[in-house]
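Coordinate inspection notes
As a plain string of letters, each chain reads:
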Amino acid sequence: MLHLVNKSPYESACMDSVDKYAHKGSPILLFEDGVYAAIAGAAFESRIKKIMGDHEVYVLKEDLAARGIADRMVDGVKEVDYAGFVDLAEQNKTVSWS
Amino acid sequence: MGEEEKGEKLMIVFRKAPYGTIYSFEGLENVLIMGAYDQDISVLFIDDGIYAIKAGMETEAVGIKNFSPTFRAIEAYDIEKLYIDKDSLEKRGLSIDDLVIQPKVIDAEQVESLMEEQKNFFMF
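Let me begin by describing the structure that accompanies this report. (Residues numbered from 1 in each chain as written. Chains lettered and ligands numbered in written order. Predicted model: local features only at pLDDT ≥ 70, side-chain atom pairs only at ≥ 80, totals over all residues. Heavy atoms only, no water.)

Glancing now at the overall build of chain A. Each helix and strand in chain A was counted, giving four helices and five strands. Each helix and strand of chain A, placed in order from N terminus to C terminus, yields the pattern β-α-β-α-β-α-β-α-β. Here chain A holds 98 residues, and the buried ones make up 49% of them. Of the roughly 4600 Å² of accessible surface on chain A, 47% is carried by carbon and sulfur atoms. Distance from the positive charge centre (11 side chains) to the negative charge centre (16 side chains) of chain A: 7 Å. (Helix = DSSP H or I, 4+ residues; strand = E, 2+ residues; numbered from the N terminus. Buried < 20%, exposed > 50% of the residue type's maximum accessible area, 1.4 Å probe, protein only. Areas by Shrake-Rupley, 256 points an atom, 1.4 Å probe, with all protein chains shown as cover. Lys, Arg positive; Asp, Glu negative; His and termini not counted. Charge placed at Lys NZ, Arg CZ, Asp CG, Glu CD.)

Here's what the structure looks like:
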């Protein structure tokens, strides 16, 4: 199951919910303000790294570019474009946390 | 009709508090609408969503209709798969006796498994 998150972890508890309820191995896609969860050197970095131990974490490239943070991602985060987003959504059942 | 004859497994998830936003009200309407169709529906209360079914709400002074009693109508729609996350309740200072309905109390691991079984989600 693909977990979709579009809110910043500093504004919303969405990532807490995903961390708590997502089955180990389920991929997580961060988009819109959700991408702020994967910034290196930020307060959430240790959490996202821990989450990445149990889940593949994807970020939407276009949203990184729009926010000027494409070069600030934590190592190991996978970038996808809109087409990649569609592929992931096709391959998995999805649940949106917003 | 037996469960195996019902349609797709759908889950309606309440995860926001009532009144501050319209989500939980819309979620309740969604449950009642979906209940009219032959689907295999589960209803789950997690995070702040547990506050939507707190008993004893008095909303006259804030000028919003108290919709919590309507959750009791869910059973009349033959929706019996109601669940609530134990930890969300405890963390928020409530127990199962504080609620207008009595969903089955489950832990986060059971929530995970239950979600994995579903075909589709409606998040409120």
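Further notes follow.
Now for the interface of chain B and chain A. It is common to give the size of an interface as the accessible area lost on bringing the parts into contact. Contacts between the two partners involve 17 residues from chain B and, on the opposite side, 15 residues from chain A. Across the interface of chain B and chain A, roughly 1400 Å² is buried in total on both sides, 51% from carbon and sulfur atoms. Counting across the interface, chain B meets chain A through two salt bridges. For B:D85, the salt bridge goes to A:K20, with nearest N and O atoms at 2.6 Å. Run the count over chain B and chain A and you get 13 residue pairs in polar contact (both at pLDDT 80 or more). Only α2 (86-91), α3 (108-117) and β5 (120-123) of chain B provide two or more residues apiece to the side of chain B that touches chain A. Each residue belonging to the side of chain B that touches chain A can be placed in one class, and the counts come to six nonpolar, two polar and nine charged. (Contact = heavy atoms within 4.5 Å. Buried area = accessible area lost by both parts, 1.4 Å probe. Salt bridge = Lys/Arg side-chain N within 4 Å of Asp/Glu carboxyl O. Polar contact = N/O pair within 3.5 Å; in protein donor to acceptor, adjacent residues only side chain to side chain. Nonpolar A, V, L, I, M, F, W, Y, C, P; charged D, E, K, R; others polar.)

Now for the packing of aromatic side chains. Counted by the stated rule, this structure contains nine aromatic pairs over all chains. Seen from their ring centres, A:Y21 and A:W97 are 6.2 Å apart, and the 10 degrees between their planes marks the pair as stacked. Placement of A:Y21 in helix α1 (residues 14-21) and of A:W97 in strand β5 (residues 94-97) is noted, with a sequence separation of 76 residues between them. With relative accessibility at 0%, the residue A:W97 sits in the buried group. An aromatic cluster is defined as three or more aromatic residues linked by ring pairs; in this entry it consists of B:F14, B:Y19, B:F25, B:F45, B:F67 and B:F71. The ring of B:Y23 has B:K16 lying over it, and the distance from NZ or CZ to the ring centre is 4.9 Å. (Phe/Tyr/Trp six-rings, centres within 6.5 Å; stacked < 30°, edge-to-face > 60°. Lys NZ or Arg CZ within 6 Å of the ring centre and 35° of its normal.)

All names here are of chain B. Note on placement: I46 falls in the loop between β2 (40-45) and β3 (81-85). Assessed through its relative accessible area of 0%, I46 is described here as buried. Considered as a pair, I46 and L82 are 36 residues apart in the sequence and their alpha carbons are 11 Å apart.

Residue and element names in this part refer to chain B. Relative to the assigned elements, R92 resides in the loop between α2 and β4 (104-106). Within the local environment of R92, its side chain forms a polar contact with the backbone oxygen of D47, the two atoms lying 3.4 Å apart. In this view, R92 contacts D47, D48, I50 and Y51; residues no more than four positions away in its chain are not counted.

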